[in-house]
Every structure is written in structure tokens, then in C-alpha cells.
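# What the coordinates show
The chain contents come next:
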Number of protein chains: 2
Amino acid sequence: MRRTLLAAALAFGIILPAAAQDAATPPKRKTAQEIVDAAPASAWRDLDPANTLYMELPGGRVIIELAPGFAPEHVANIKTMAKGGFWDGLTIYRVQDNFVVQFGDAEGEEAGKAKPYPAGTKTHLPAEFTRSAKGVRFDKLPDVDGWAPEVGFADGMPAARDPKTGTLWMTHCYGIVGAGRNNAPDSSIAAELYVVIGQAPRALDHQLSLVGRVIKGMELLSVMPRGPAPMGFYEKPGQRAPIISIKLASDVPEVQRTPLQLLRTDSQAFIDATEARRNRVDDFYTQPAGHIDLCNVPLPVRETPKG
Amino acid sequence: MRRTLLAAALAFGIILPAAAQDAATPPKRKTAQEIVDAAPASAWRDLDPANTLYMELPGGRVIIELAPGFAPEHVANIKTMAKGGFWDGLTIYRVQDNFVVQFGDAEGEEAGKAKPYPAGTKTHLPAEFTRSAKGVRFDKLPDVDGWAPEVGFADGMPAARDPKTGTLWMTHCYGIVGAGRNNAPDSSIAAELYVVIGQAPRALDHQLSLVGRVIKGMELLSVMPRGPAPMGFYEKPGQRAPIISIKLASDVPEVQRTPLQLLRTDSQAFIDATEARRNRVDDFYTQPAGHIDLCNVPLPVRETPKG
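As a convention, each chain's residues are numbered from 1 in the sequence order in which they are written. Chains and ligands are labelled sequentially in the order written, the chains with letters from A and the ligands with numbers from 1. Totals for whole chains, interfaces and linings use all residues, but because this is a predicted model, local features are given only for residues with pLDDT of at least 70 and pairs of side-chain atoms are given and counted only at 80 or more.

Only DSSP runs of H or I covering at least 4 residues are called helices, and only runs of E covering at least 2 are called strands; the numbering of each starts at the N terminus. Scanning chain A from N- to C-terminus turns up five helices and 17 strands. Computed over C-alpha atoms, the radius of gyration of chain A comes to 21 Å, within 12% of the 19 Å expected from 2.2 N^0.38 for 307 residues, which places it in the range of a compact globule. Dimensions of chain A along its principal axes, counting C-alpha atoms only, are 70 × 50 × 45 Å. Exposed residues have 12 or fewer other C-beta atoms within 10 Å of their own C-beta, buried residues have 20 or more, and partly exposed residues fall in between, where C-beta atoms are placed from the backbone. A burial count over chain A gives 49% of its 307 residues as buried. Once local pairs closer than 6 in sequence are excluded, the contacts in chain A between residues at least 24 apart make up 72%. The globule rule used here is 2.2 Å times the number of residues to the 0.38 power, and the radius of gyration it is set against is calculated over C-alpha atoms. Here, residues touch in the contact sense if the C-beta positions derived from the backbone fall within 7 Å of one another.

Below, the structure is given as C-alpha cells:
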């Protein structure tokens, strides 16, 4: 045994084809993946095209679910800008390793070069760092978190809640999309967006307006060449990666859409799958962690079943 | 103001050139970067060439500091294999998004195709998942951690400690290098190695033998094209990324070495820089996090000053 492919498969807990498993020692408990695969149709929700962005890159489509419950004004502005084609032909101009990919108008601050905003774009928005937790379903994890009193999920997004202040906010996990700003809290308009591509930079939580989450296509963003340290801005315009377009899915002909479903974070399958990851016991894992970090909880996505 | 480059600079807390700062509001406290820049020479340690791997890729050099204190047998085997040129001409054959890059002999489990191990390579090693904490300096963070009773740094590596069991182990942070294994805890020999490229998969802590940390060149690994889900193994041999060589720095002529220093994790500068990140207060951050996660603590590296 040369400890290569099989080793990796087992080391990272992916189910191997039956032939590769030892028939004498069937798994005692369902794995997270098995639980997700067996989830009933009711555990899945359809991705809403009116609330979804398609970012078309030369390498393929990045799909972002927007979070209007968390940042209604930013999301409304994003929809206006997408309808007006604001990002079409603009670029990804910053990639900082283990931090963020950032895109928008690289020349937005250069007089005479900035691309005009589409009609109806608001040039001032309120800060949308937190929202009221009142009346918002929050699927709380039992796990301790160093950054916030409570963590869990709301509107299908990773989130945190503070019972003392009664506020709720999205958290900077891998794949989260946020709006860059200046020093003034109300200085973002969502024209310049960033996507988290590394260890969750949660010190940024409730300091920026978060607008959504990449649910498909992260591997198109995460492989972008890193710009030079410390901040990852590409030095030459030619290094910037072109964005073909960013459109609302509902503005794309139906045949060109990517129908997806997301596992509801309030479903029993989601709760059970998370528990299977928190306390994983199998032939490989002898000591279950007994814990899971908010940003380590996968949020399953699948193609919408046919028929 | 179009909220582009400046927005990003401020949003992510990098010090701008003086001209871009508002002279009327000088920073009240030193930033983490300023503290690191002002650290005395005694706060830095030289990277030991005898304990350093140079992984030469077509795009450049990845530098790994080995962790013999944590995994002495694995590190000794790595040195034997590197001296024997084991990885020279082998490949990176697996890249799973938000998880790991894995390299070694992609055909190591195929009879007749596996590359022979160099003379002296041990084909069996003990599991080195934890070590005794006794007598090992541990620079403990005050921050709560969900995965371990205590977290901090030992031998310059991110680590966790359990006072009840008296054990210490390295943690799966971004850039950490580990040895893949089969189900048996003692089935790794460090021929097949992985590097963490996403959110810290700390459920793997004290389940695998960790052997070191990438201290320079992560951006060469993190941009590798992702293989297909779920595990990221490239489907075709031609997709594998070639490794020119992996050598011990001490086996490379001195003029070809990369002299580096690392900030000591027991230095006051390191403690102060970490505190500046934990409780960042400046024109951008109005609410300090009051917390830092072990895997969010940067471990500063610099070129060795001349002279």
C-alpha cells in the first residue's frame, strides 16, 4: 500500500465506492453525505432567480445568492446595477491570498475613467452591518464561537446573533460576498464587491455590509492569480481578469439558467448532517471533535431534480 | 469618490502611504504591521536550512518549515526522501477547493508504476498526532477556541494543548502541511503530503501527523486549478502539476537559498501585534472584535536583513 489515493480518500472522509470498503465493517452511522443524499424533497428549497446573480467569467459561471433580508438597500442597488450592465466588461482587479477576491471598476476612482452608474443607482446607502433579530428565524448551532455570542443560520446564510442587542448579522465565511467601503460606515454602494477566499476573516463581521454568498463556482474565483503583497491589487491593467457580465438570473432566458436547490438550514437533514460532522465516528476518525465551527458547516447545493 | 482602491485599502486595514492618510487624524495606536516593522532584531529567528524544504515548481519556490518537535519520525523520513530526490518529477495531483492541495506519487498505489522510495526511507512510522506538552514552551492565546481547551504557538507553529491529557498538537490552519494516511493511525510515512488551502479543517486535528508549515509561496499552491468534486483529484494525468524538485535548503548551494526570518511567537512584538489585531481600533474599525482565532493570527516572515 503506497498511501496515495486511498489514503487521501479515507483521510478526508469521503465515501469510497462500495468495492473499496471493507464489507466486514459496515459504517455504524450515516455519514453527513449519506444524510444529505437521503433528505426528502421538502428539505430542499429552490434558488429564487430574482434573488440570484450570474457572474459570467471566461471560465464559466459563478452563482451568487443575494441576501436581501440582511442588506435590502445594497441588494436593491445591486439589482439596479446588474440590470444596467454595470459590471459587464469590468474586472476582478484584486486577489489577496487567504483573504479576498475583489471586483468592480478598477478605475472607479480615476477622474474621467470611471464607468458611469446605470440610471437609478443610488450613490448613497445606509450601512447595513446588522439587522434586528426580532422575528427572524435563526437556526442556532450549539457550538461555542469566539467572535459572537451565538452563531447559526438565517435566510440560508451563516450568521451570528447577540441576544443583548437583539441584532443579527452575516458572518465572513468562505464564499461570502461583501461590499467594500471607505471609513464612513455608510460609504458603500455595492459597486465594488469582495468574496472571501481563505480563512474566515471574522474580525470584519458587523463592520461591512454583506450582500450574499457564492453557492456555485467558487473554484473559478479561488484560483485567480494572487496580486502582490500586501493587498493583492494587480499591478498592471492587463493582469485584471475580465468579467463578461453580471446579470440577475431572472433576466436570463429560462433555458440558460442553472436550476439549483439549497438544503434548508432548518431541515432535520441539515441538523443531522451537521451533527454527523461534529461527532464523526468511523474507521478513520477515532476521536470525534465534538465541535464544529460555523464556517466549517457545508451548505449543500444540488441541481434541481428533473420532473 | 468611487469606493474602489481606497475603499479596499481602508476596508482591510492596510496602512496607506502617508499622502493618502488624513494628516489631521493620526492613528491613535500602532497597527499590527507597525509593531512588526518596529520589532527588534532579537524578536526574529533565522529559518534553519537543515529544517527547511524548498519545493521548486515551474512558477517558483514554495518554502516549508518542518516541525521535527511535533513529528520527528515523519520529518526524518521527509529528509531522507528529499535527499534521495523522491518528489523530483512527481506531481501535485489533487486540489480540493477550500480544503487541500495534495502531492506525491499519483501512481503510488499502482503496481509497477509506483516510484521506488530512496534508500533509507522507512516504510512504517508511528502515528505522531500529539506530543507530550511537558517542557515545551507554549505561547498561549487568551482567546476561547471551540476545538481545543487551549490554543497558541509552540516551535513557531499554531498549536493546541490539553492540560488534562498533557498533550500538545499542531492545528490545521491555512498553510499547514500534513501527511495523508489510511485508516490505521500508523499508516502514513510522509510520502504523500497535503497543504491546507481553505477554512481551517480543524476536525482533522490530532487525527493526522502534521509535519510543517508553508512560510512562503502559498500563492503558488492556492491558485492550482481545482479538481472535480467531491475530492479534487485530477481526472487526467496531464492535469497534474509537475514538481521540479523538493530539497532540503541545507542541500542547496548557499547562494541559491532564500534567507528568511520568522517573528518569534514568544516575542513582545508578536504579542503586541496580535493584541492590535484582536482589539483593532482606528478610523475604520469602530467595534473591536475583542477576539482572534488561532488560525487568523499571522506569523510574520521577512527576508533576512543584509549585513
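When the copies are superposed, the least-squares fit takes in the C-alpha atoms of residues with a pLDDT of at least 70 in both. For these two chains of identical sequence, chain B goes onto chain A by a turn of 180° and a shift of 0.0 Å along the axis, with RMSD 0.0 Å. As the rotation angle and translation indicate, the two copies are arranged about a two-fold axis.

The next point concerns the sheet that holds strand β8 (residues 150-154) of chain A. All names here are of chain A. As summarised here, the arrangement of the five strands in space is β6-β10-β9-β8-β7, forming an open sheet in which the pairing is antiparallel. Each having just a single partner strand, β6 (131-132) and β7 (139-140) make up the two edges of the open sheet. Two strands pair when backbone bridges link them, and β6 and strand β10 (residues 167-170) are joined in this way by two bridges, in the antiparallel orientation. Opposite Ser-132, over in β10, you have Thr-167 as the bridge partner. When DSSP locates at least two bridges between a pair of strands, those strands are taken to pair.

Listed as buried for helix α5 (residues 268-278) of chain A are Ala-269, Phe-270, Ala-273, Thr-274, Ala-276, Arg-277 and Arg-278 of chain A. In this fold, the buried residues of α5 of chain A make contact with α2 (32-37) and β16 (260-263) of chain A.

All names here are of chain A. Each domain's extent is set by a domain assignment, obtained either automatically or from a database. Domain assignment breaks chain A into domain 1 (23-45 + 268-303) and domain 2 (48-109 + 116-258). Using only C-alpha atoms to locate each centre, domain 1 and domain 2 end up separated by 28 Å. The interface is formed by six residues belonging to domain 1 together with 12 residues belonging to domain 2. Taken together, the residues of the side of domain 1 that touches domain 2 break down into five nonpolar, one polar and no charged. Each residue gets one of three labels, nonpolar for Ala, Val, Leu, Ile, Met, Phe, Trp, Tyr, Cys and Pro, charged for Asp, Glu, Lys and Arg, and polar for the others, Gly among them.

Moving on: unusual backbone geometry. Here the residue pair Ala-229 of chain A and Pro-230 of chain A is connected by a cis peptide bond, since its omega of 0° sits within 30 degrees of zero. Its identity is not glycine, yet Asn-98 of chain B carries a phi of approximately 60°, on the positive side. For Asn-98 of chain B, the location among the structural elements is in the loop between β4 (91-96) and β5 (100-104). The exposure class of Asn-98 of chain B is buried, given the 22 C-beta atoms found within 10 Å.

This part takes up the environment of Pro-68 of chain A. All names here are of chain A. By secondary structure assignment, the location of Pro-68 is in the loop between β3 (60-66) and α3 (72-83). Note on Pro-68: 18 C-beta atoms within 10 Å, which makes it partly exposed. Sequence separation between Pro-68 and Leu-208 is 140 residues; the distance between their C-alpha atoms is 15 Å. Every residue in contact with Pro-68, bar those within four places of it in the chain, is listed here: Asn-51 and Val-75.

All names here are of chain A. Judged by how many residues are buried, strand β4 (residues 91-96) sits mostly within the fold: five of six residues are covered. Strand direction decides the pairing type here: β4 and strand β5 (residues 100-104), joined by five bridges, are antiparallel. Paired with Val-95 across the two strands is Val-101, which belongs to β5. In textbook terms, the turn of a hairpin is the stretch between consecutive antiparallel strands, and for β4 and β5 this stretch comprises three residues, one of which, Asn-98, has a positive phi near 60°.

A word on the interface of chain B and chain A. Counting from both sides, the interface comprises 68 residues of chain B and, opposite them, 68 residues of chain A. Of all the elements in the fold, those that place two or more residues in the side of chain B that touches chain A are α1 (5-11), β5 and α4 (218-221) of chain B. At seven residues, the largest contribution of residues to the side of chain B that touches chain A is made by α1 of chain B.

Attention now goes to the environment of Gly-232 of chain A. Residue and element names in this part refer to chain A. By secondary structure assignment, the location of Gly-232 is in the loop between α4 (218-221) and β14 (241-242). Residue classification places Gly-232 among the buried residues on the basis of 24 C-beta atoms within 10 Å. Considered as a pair, Gly-232 and Arg-94 are 138 residues apart in the sequence and their alpha carbons are 5.2 Å apart.

Pairing between the strands of a sheet is mediated by backbone hydrogen bonds and can be parallel or antiparallel. Residue and element names in this part refer to chain A. The strand order across the open sheet built from three strands is β1-β16-β17, with neighbouring strands paired in antiparallel fashion. Each having just a single partner strand, β1 (44-46) and β17 (301-303) make up the two edges of the open sheet. Neighbour-to-neighbour, the strand axes of the sheet open up by a mean angle of 35°, direction not taken into account. In the sheet, β1 pairs with β16 via three bridges, with the strands oriented antiparallel. From the neighbouring strand, Asp-46 faces β16, where its bridge partner is Gln-261. Lines fitted to C-alpha atoms define the axes here, with helix axes fitted over just the stretch in contact, and angles between the N-to-C directions of these axes take values from 0 to 180 degrees.

Turning next to α3 of chain A. Residue and element names in this part refer to chain A. Helix span, expected: 1.5 Å multiplied by one less than the number of residues in the helix. Here α3 spans 16 Å end to end across 12 residues, near enough to the 16 Å set by a 1.5 Å rise per residue. Three or more residues of α3 are buried, namely Glu-73, His-74, Val-75, Asn-77, Ile-78, Lys-79, Met-81 and Ala-82. Its buried side turned inward, α3 meets β2 (52-57), β3, β11 (176-179), β13 (209-216) and β15 (245-248).

With that out of the way, let us pick up the environment of Gly-112 of chain B. Residues and elements named next belong to chain B. Within the secondary structure, Gly-112 sits in the loop between β5 and β6 (131-132). Gly-112 sits in the exposed class, given 5 other C-beta atoms within 10 Å. With 58 residues separating them in the primary sequence, Gly-112 and Tyr-54 have C-alpha atoms 29 Å apart.

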